[in-house]
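Chain by chain, the residues run as shown.
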Amino acid sequence: MPIPDNRQRLLNVALTLFASRGYDAAGVQEIVAEAGVTKPTLYHYFGSKAGLLDSLIRESTRDFLVAFDEAARYAGDLTLSLSRVVKVTLEFAQRRPEVYRFLLMLFFLPNEHEARRIAAPVFERQIQALEAMFLAASRDHGNMRGRHARYATTFHGHLNSYAVLVMNGILTDD
């Protein structure tokens, strides 16, 4: 297996530290020391600690969000769409538990927190995909009309809770 370059080492170390202790508790000096690089190296690649977080979130969720969007595409069978979203989410949570747990940590921060603002596009994209799915399904299920936003938010919350229970071995994903 190839040795990761400085940029990738910084991303790996940042994820480990952020996920284990939180964004605020991990300092730039600790990140660079653990990665075996200097502060100027981090600033060269990311500009700041916030830039490091932004790159980490964008790069670690890119494929997941594409798969999530595809899974949430409604094609006449709401149960199938919901099942696909659950499958994609649980696969990601099991494949990248550190990323998933860290995202959940950020989700529960106050809206004005820097790290929450950086991660917000991930949550917003998931909710938008779910809203679009429920809105499209409401054409076939009249009793859902006008409730797509509530359904999306509620399902997102249940999905995250279920993913945590699966990651913690409390439930199985079947």
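This report concerns the structure included in the present document. (Residues numbered from 1 in each chain as written. Predicted model: local features only at pLDDT ≥ 70, side-chain atom pairs only at ≥ 80, totals over all residues. Heavy atoms only, no water.)

**Examining the overall build of the protein chain**
Point 1. Of regular secondary structure, the protein chain possesses eight helices and zero strands.
Point 2. Order of helices (α) and strands (β) in the protein chain, N terminus to C terminus: α-α-α-α-α-α-α-α.
Point 3. Taken along its principal axes, the extent of the C-alpha atoms in the protein chain is 60 × 35 × 25 Å.
Point 4. Among the 174 residues that make up the protein chain, the fraction classed as buried is 43%.
Point 5. Within the protein chain, residue pairs in contact and separated by at least 24 positions form 60% of the contacts whose partners lie at least 6 positions apart.
Point 6. On the protein chain, roughly 9400 Å² of surface is accessible, and the fraction owed to carbon and sulfur atoms is 55%.
Point 7. Counting 20 positive and 19 negative side-chain charges, the protein chain places the centres of these two groups 3 Å from one another. (Helix = DSSP H or I, 4+ residues; strand = E, 2+ residues; numbered from the N terminus. Buried < 20%, exposed > 50% of the residue type's maximum accessible area, 1.4 Å probe, protein only. Contact = heavy atoms within 4.5 Å. Areas by Shrake-Rupley, 256 points an atom, 1.4 Å probe, with all protein chains shown as cover. Lys, Arg positive; Asp, Glu negative; His and termini not counted. Charge placed at Lys NZ, Arg CZ, Asp CG, Glu CD.)

**Description of empty space enclosed by the protein**
Point 1. Counted by the stated rule, this structure contains one cavity of 30 Å³ or more.
Point 2. Each pocket or cavity is described by its volume, and for the largest cavity that value is around 60 Å³.
Point 3. Along its surface, the largest cavity is lined by F64, Y100, L103, L104, F107, V122, F123, Q126, H156 and N160.
Point 4. For the lining of the largest cavity, the elements supplying multiple residues, two or more each, are α6 (97-107), α7 (114-138) and α8 (148-167). (1 Å grid on protein atoms, 1.4 Å probe; cavity = no way out; pocket = protein on both sides within 12 Å on 5 of 7 lines; lining within 4 Å. Points joined across faces, edges and corners; volume = space filled by probe spheres on them.)

**Things to note about the packing of α6 against α8**
Point 1. Orientation of α6 relative to α8, taken along the N-to-C sense of each, is 135°, at an axis distance of 11 Å. Regarding the angle of α6 to α8, the classification is oblique. Crossing of α6 against α8: the hand is left-handed. Along the contact surface, α6 presents P97, Y100, R101, L104 and F107, while α8 presents H156, L159, N160, A163, V164 and M167. (Axes fitted to C-alpha atoms, helices over the stretch in contact; angles between N-to-C directions. Parallel < 35°, antiparallel > 145°, perpendicular 65-115°, else oblique. Left-handed = near helix turned anticlockwise from the far one by under 90°.)

**A short note on the layout of surface pockets**
Point 1. In this structure, the largest pocket occupies an estimated 200 Å³ of space.
Point 2. Around the largest pocket sit 15 residues that line it, and Q8, L56, E59, S60 and R96 are the ones nearest its centre.
Point 3. Residue assignment for the lining of the largest pocket shows that the elements contributing at least two residues are α1 (6-21), α4 (49-71) and α5 (78-95).
Point 4. Take the lining of the largest pocket: its biggest share by element is six residues, from α4.

**Quick notes on the nonpolar core**
Nonpolar side chains in soluble globular proteins tend to be buried together.
Point 1. With 58 residues, the main nonpolar core has L10, F18, L52, L53 and V85 as its most contacted residues.
Point 2. When sequence neighbours within four positions are dropped, the list of residues in contact with L52 reads L10, L11, A14, F18, I31, L42 and F46. (Core = buried A, V, L, I, M, F, W, Y, C linked by side-chain atoms within 4.5 Å.)

**Overview of helix α2 (residues 28-35)**
Point 1. Taken together, the buried positions of α2 are occupied by V28, I31, V32 and A35. The buried residues of α2 occupy an angular sector of 90° when projected down its axis, which confines them to one face. Turned more than 90 degrees off the buried face of α2, the exposed positions are A33 and E34.
Point 2. Tucked into the core, α2 has its buried residues touching α1, α3 (39-46) and α4.
Point 3. Phi for G36, located one or two positions after α2, is positive at around 75°. (Arc of directions from axis to C-beta.)

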